[in-house]
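Coordinates in review
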Amino acid sequence: MTAPAALSARARGRDAAAVHRGPTFPRVVASEWTKVLSLRSTAWIAIVTVVVSWVVTYLSANASSGDPGFDPSASLPDGLALSQIGTLVLGVLVGTGEFRTGAFRTTFTAVPRRLSVLAARTVVVAVVGALVAALALVAAVLGVLPAARSRDIPLDLTADWTPQMLLGSALMLLGMAVLGLAIGSLLRRTVPAMTLALALVFVVPVALSLASELVAGPPTGPAPVETDVVELDPVSTAVALLPGDAAFRMTTDPEAGGVDGAPDLGPVGGGLVFGAWILLPLVAAGVRLRTRDVT
Amino acid sequence: MRPARAVSLPRVLASEWTKVTSVGSTVWTALGVVLTAAGVAVGLGMFVRVGDGTSGVSLVVSGVVVAQLAALVLGVLVGTADYATGSSTTTYTAVPRRLPVLAAQTLLTAAVAVVTAVVALGAAVLVTVAQRDATGLALLETDGSSRALVGFVAYLTAVALLGLAAGALLRSPAAALVGGVVLLVVLDQVLAANPGRVADTARALLPGVGARLVRDDAQLASVEAASLGPHLGAWGAGLVLAAWVLGLLVVAAVRLRTDDVLTGVRR
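Note that the coordinates shown come from a computational prediction; the quantities given were computed from them, not determined experimentally.

Regarding the overall build of chain A
Counting secondary structure elements, chain A contains 11 helices and zero strands. In chain A, the order of α-helices and β-strands from amino to carboxyl end is α-α-α-α-α-α-α-α-α-α-α. Looking at chain A as a whole, 43% of its 295 residues qualify as buried. Within chain A, counting contacts between residues at least 6 apart in sequence, those at least 24 apart form 80% of the total.

Things to note about the overall build of chain B
Across its full length, chain B carries 12 helices and zero strands. Computed over C-alpha atoms, the radius of gyration of chain B comes to 20 Å, within 12% of the 18 Å expected from 2.2 N^0.38 for 267 residues, which places it in the range of a compact globule. The C-alpha extent of chain B, read off along each of the three principal axes, is 75 × 40 × 30 Å. Of all 267 residues assigned to chain B, the portion counted as buried reaches 48%. If you take every contact in chain B between residues at least 6 apart in sequence, the share linking residues at least 24 apart comes to 84%.

Topic: the interface of chain B and chain A
Taken residue by residue, the interface counts 31 residues in chain B and 29 residues in chain A. Counting only elements with at least two residues in the side of chain B that touches chain A, the list comes to helix H2 (24–45), helix H4 (64–85), helix H9 (173–192), helix H10 (197–204) and helix H11 (217–225) of chain B. When the residues that make up the side of chain B that touches chain A are grouped by side-chain class, the tally is 21 nonpolar, nine polar and one charged.

Re unusual backbone geometry
At Arg188 of chain A, a residue that is not glycine, the phi angle is positive and equals roughly 65 degrees. With respect to the element layout, Arg188 of chain A can be found in the loop between helix H7 (162–187) and helix H8 (190–216). The residue Arg98 of chain B is not glycine, and still its phi comes out positive at about 60 degrees. Judged by the 16 C-beta atoms lying within 10 Å of it, Arg98 of chain B is partly exposed.

With respect to the environment of Arg189 of chain A
Residue and element names in this part refer to chain A. Assignment of secondary structure puts Arg189 in the loop between H7 and H8. Separated by 48 residues in sequence, Arg189 and Thr237 place their C-alpha atoms 31 Å apart. Arg189 has contacts with Thr96 and Phe99, leaving out every residue within four places of it along the chain.

Focus on the environment of Asp133 of chain B
Residues and elements named next belong to chain B. Within the fold, Asp133 resides in helix H7 (residues 129–135). What makes Asp133 exposed here is the crowd of 11 C-beta atoms within 10 Å. Between the alpha carbons of Asp133 and Leu69 there is a distance of 30 Å; along the sequence they are 64 residues apart.

Here we look at the nonpolar core
With 164 residues, the main nonpolar core has Val203 of chain A together with Ala37, Phe152, Leu156 and Ala165 of chain B as its most contacted residues. Residues in contact with Val203 of chain A, not counting those within four places in the same chain, are Leu198 of chain A together with Val65, Val66, Leu69, Val181 and Val185 of chain B.

A short note on the packing of H4 of chain B against helix H6 (residues 99–127) of chain B
Residue and element names in this part refer to chain B. In contact at an axis separation of 10 Å, H4 and H6 are set at 155 degrees when each is read in the N-to-C sense. In terms of orientation, H4 lies roughly antiparallel with respect to H6. Regarding H4 and H6, the two cross each other, and that crossing is right-handed. On H6, the residues that touch Ala67, Ala71, Leu74, Gly75, Val78 and Gly79 of H4 are Gln105, Thr109, Ala113 and Ala120. Across the contact of H4 with H6, the residue classes tally to six nonpolar, four polar and no charged.

Regarding H7 of chain A
All names here are of chain A. Between its first and last C-alpha atoms H7 spans 37 Å; for 26 residues at 1.5 Å apiece the expected length is 38 Å, and the two agree. Among the 26 residues that make up H7, 22 are buried, leaving the element largely enclosed by the rest of the structure. Phi turns positive, to about 65 degrees, at Arg188, one or two residues after H7.

Observations concerning the confidence of the model for chain A
Counting all residues, the mean pLDDT for chain A is 83, and 86% of those residues have values of 70 or more. Within the model, the stretch residues 218–229 of chain A combines pLDDT values under 50 with three contacts to residues more than four positions away or in other chains.

Notes on the packing of H9 of chain B against H10 of chain B
Residues and elements named next belong to chain B. Look at H9 against H10: their axes get within 9 Å of each other, and the N-to-C directions meet at 165 degrees. Classified by the interaxial angle, the pair formed by H9 and H10 is roughly antiparallel. Note that H9 runs across H10; the crossing there is left-handed. Judged by residue contacts, Asp188, Leu191 and Ala192 of H9 engage Ala199, Ala202 and Arg203 from H10.

Remarks on H9 of chain B
End to end, H9 of chain B covers 28 Å across 20 residues, agreeing with the expected 28 Å (1.5 Å per residue, within 8%). Of all the bends in H9 of chain B, the greatest, near 50 degrees, is centred on Val182 of chain B.

Section: the environment of Ala237 of chain B
Residue and element names in this part refer to chain B. Topologically, Ala237 is positioned in helix H12 (residues 233–258). A count of 28 C-beta atoms within 10 Å places Ala237 in the buried class. Along the primary structure Ala237 and Arg212 are separated by 25 residues, whereas in three dimensions their C-alpha atoms are 6.4 Å apart. Ala237 has contacts with Val209, Gly210, Arg212, Leu213 and Leu232, leaving out every residue within four places of it along the chain.

Comments concerning the confidence of the model for chain B
Mean pLDDT for chain B: 88, with 96% of residues reaching 70 or above. Confidence, expressed as mean pLDDT per element, reaches its minimum in chain B at H7 of chain B with 82 and its maximum at H6 of chain B with 95.

Procedures and definitions
Residues numbered from 1 in each chain as written. Chains lettered and ligands numbered in written order. Predicted model: local features only at pLDDT ≥ 70, side-chain atom pairs only at ≥ 80, totals over all residues. Helix = DSSP H or I, 4+ residues; strand = E, 2+ residues; numbered from the N terminus. Buried ≥ 20, exposed ≤ 12 C-beta atoms within 10 Å, placed from the backbone. Contact = placed C-beta atoms within 7 Å. Rg over C-alpha atoms; globule rule 2.2 N^0.38 Å. Nonpolar A, V, L, I, M, F, W, Y, C, P; charged D, E, K, R; others polar. Core = buried A, V, L, I, M, F, W, Y, C linked by C-beta atoms within 7 Å. Axes fitted to C-alpha atoms, helices over the stretch in contact; angles between N-to-C directions. Parallel < 35°, antiparallel > 145°, perpendicular 65-115°, else oblique. Left-handed = near helix turned anticlockwise from the far one by under 90°. Expected span 1.5 Å × (residues − 1). pLDDT = per-residue confidence, 0-100. Bend = angle between axes of the 7 residues up to and from the residue.

Structure (structure tokens):
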């Protein structure tokens, strides 16, 4: 061997340094960040989510601006019901993407301590979800402004519960992204994960509220007078404890009260229930990742 | 040498039949339709008491809202399977006229969905027998009951075809699934939060309005009384859904005819 000793020593030193540094958490986060941000689907979903937030809020504020007692800040969460689907889908696609394309083999060869990949992905999805949420809320404010201006009602974002409702709305959009990621990471296949996520957040609540109507009979005539003792009914309680309704409670004012016939969780309680819904599949995904083969 | 037989619709049907029945997802989604339809009915039946003002038929068909998701997935997977696996190249080399494939998929999805929905309905009727006896709710006691039972099968079949059309059009299962759920469920919820003449009219023109087929006369009257939009009646609502299915199938056929079949294939 006549290779320059100095060079090989330097090369050995570089290799040793690289091995020594290893896949540290910041570096795993950086790699996940690149993977999520370089996908076209991420950009498209973000754009559609923000545009949908503007359109729905604009239309709904315009529609209700004719009502007496129109409050522009109350129209702010109107677009959320639709834009939350954007961040949910984003999370599911990030969670299942590598298992669909086969890139997970490279990822878990590079990072054999698999859990840090899931943790890094959670961080990245939460950050992207927070960015999308911030843009969607700005879009919602812009959507309410024309209706507020036409009625000469100033839009005060610092009054009453509005700051808390805005924060709750952002947390809801962000949380939906992480919930999608958790379900996607757990099931690893796009169609089952997407079906479960959409069922849990959108379809089951509709089914249950139709069912409660069925059991209680269709609403006839004026609603009964509110009494202090409201009888709890099991179906409404179940609806209030599902992730969709629990998360939505974060976006409403604390005095609004919850679903009729269900215990009122309040914004903080709603957030905690929603958090539990996120943690459950996330922990299950971590356990599956740690103990089972990645295929 | 034996002369090659031409590509004909029956032969395309046979090849699509093999594809549809040889993948696990068809069996799983069909099972999903049956289990959700029966499971929701029996679960809800536990809460029904005498004098609730409900009817036997509305209990039996109560699972339709969840079951429609499984029916949608069934259609979406038939519509996108070729693109997801890359076998569209083979399929359309064998059938260069392309449209017979979509026609065959439509016929097969409709057939599978009708059989699945009938089985699901039968299961829901059977599992609630004891509960309906205990509460005195006869199956066909209210007006419009038989229409609701037929509507259950018709609605689930139409939703499966909507999924097929969305899948064939978008060529991606995730996109078709999200699009289908938005059209059937989410937009309706968003519009319901802002009731008014415009919102109610828009709701009456969404495909999900077809679920009115699955209601008996009393429920239909209460739904329509609560809406400021057009009163379509059950069959009118069914026609709106049918128009959506047909419209999306036509757009999917146009894309199939004019666009490269490799567009949207995962490679």
